[in-house]
Amino acid sequence: MRAGDEDLVPSTYAIGELMLEVAPAYLSETEATDVLALLCDQIGENLEHGLAARRYAMSGARRGLHGTVL
């Protein structure tokens, strides 16, 4: 992560938790994509970022956020 991105980690985790409420961890990435597309559109979040935040909330591994602009 770049300098300054540390400030985004807590909010990214919170977004990930929201994504998990709508698309629980037992859903595959493909199934989650179908479910989360509408939510991401409604809250103005890019679907790829929403999915990355969901993965981060599930694993706690920040490397899943690498390459995403949150």
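All values reported here derive from a predicted model rather than from experimental measurement.

Procedures and definitions
- The numbering scheme is per chain: residues are counted from 1 as the chain's sequence reads.
- Totals for whole chains, interfaces and linings use all residues, but because this is a predicted model, local features are given only for residues with pLDDT of at least 70 and pairs of side-chain atoms are given and counted only at 80 or more.
- Each side-chain value is derived from all of the structure's non-hydrogen atoms; neither hydrogens nor water enter the calculation.
- A residue's pLDDT is the predictor's confidence in that residue, given on a scale from 0 to 100.
- Helix and strand definitions here come from DSSP, where helices need a minimum of 4 consecutive H or I residues and strands a minimum of 2 consecutive E residues; each element is numbered from the N-terminal end.
- Distance and chemistry together define a polar contact, namely a pair of N or O atoms within 3.5 Å, with one atom able to donate a hydrogen and the other to accept it when in protein, and with adjacent residues in sequence counting only for side-chain atoms on both sides.
- Contacts between residues were defined by any pair of non-hydrogen atoms, one from each residue, lying within 4.5 Å.
- Under the pairing criterion, centres of Phe, Tyr and Trp rings, with the six-membered ring standing for Trp, must be within 6.5 Å; the plane angle then separates stacked pairs below 30 degrees from edge-to-face pairs above 60, leaving the rest tilted.
- Burial status follows relative accessibility: with a 1.4 Å probe on protein chains alone, a residue under 20% of its type maximum counts as buried, one over 50% as exposed, and anything between as partly exposed.
- An expected span of 1.5 Å times one less than the residue number is assigned to each helix.
- A residue's bend is given by the angle between axes fitted to the 7 residues ending at it and the 7 residues starting at it.

Peer 1: Sorry, what's going on with the confidence of the model for the protein chain here?
Peer 2: Detailed reading of the predicted model is not advised wherever pLDDT is low. Overall, the prediction assigns the protein chain a mean pLDDT of 83, with 76% of residues at 70 or greater. Of all helices and strands in the protein chain, the one with the weakest mean pLDDT is helix α1 (residues 9–22) (89), whereas helix α2 (residues 29–43) scores best (95).

Peer 1: Teacher, can you tell me more about the side chain of Arg54 here?
Peer 2: Looking at the secondary structure, you find Arg54 in helix α3 (residues 47–59). A polar side-chain atom of Arg54 sits 2.9 Å from the main-chain carbonyl oxygen of Ala23. Look past the residues within four positions of Arg54 in its chain and what remains in contact with it is Gly16, Met19, Leu20, Ala23, Pro24, Ala25, Leu27, Ser28, Glu29, Ala32 and Leu36.

Peer 1: What exactly am I supposed to notice about the packing of aromatic side chains here?
Peer 2: To describe a pair of aromatic rings, you give the distance between the ring centres and the angle between the ring planes. Tallied over the entire structure, the rule returns one aromatic pair. Seen in terms of ring centroids, Tyr13 and Tyr56 are 5.6 Å apart; in terms of plane orientation they differ by 85°. Their pairing is edge-to-face. Here the residue Tyr13 occupies a position in helix α1, and Tyr56 occupies one in helix α3, the gap between them amounting to 43 residues. Judged by its relative accessible area of 32%, Tyr13 falls in the partly exposed class. We classify Tyr56 as buried; its relative accessible area is 7%.

Peer 1: In this structure, what is going on with α2? I would like to understand it.
Peer 2: At 3.6 residues per turn, the α-helix brings residues three or four places apart onto the same side. Between its terminal C-alpha atoms α2 stretches 19 Å, which fits the 21 Å expected from 15 residues at 1.5 Å a residue. Taken as a whole, α2 carries its principal kink of about 45° at Leu36. Restricting attention to buried positions, one finds in α2 the residues Ala32, Leu36, Leu39 and Cys40. Gly44 occupies a position one or two residues after α2 and carries a positive phi of about 75°.

Peer 1: In this structure, what is going on with α3? I would like to understand it.
Peer 2: End to end, α3 covers 18 Å across 13 residues, agreeing with the expected 18 Å (1.5 Å per residue, within 8%). Listing the buried residues of α3 in full gives His49, Gly50, Leu51, Ala52, Ala53, Arg54, Tyr56 and Ala57. At the N-terminal end of α3, a side-chain oxygen is found 2.7 Å from the backbone nitrogen of Glu48, two or three residues along, and the residue is Asn46. Looking one or two residues beyond α3, the residue adopting positive phi is Gly60, at roughly 75°.

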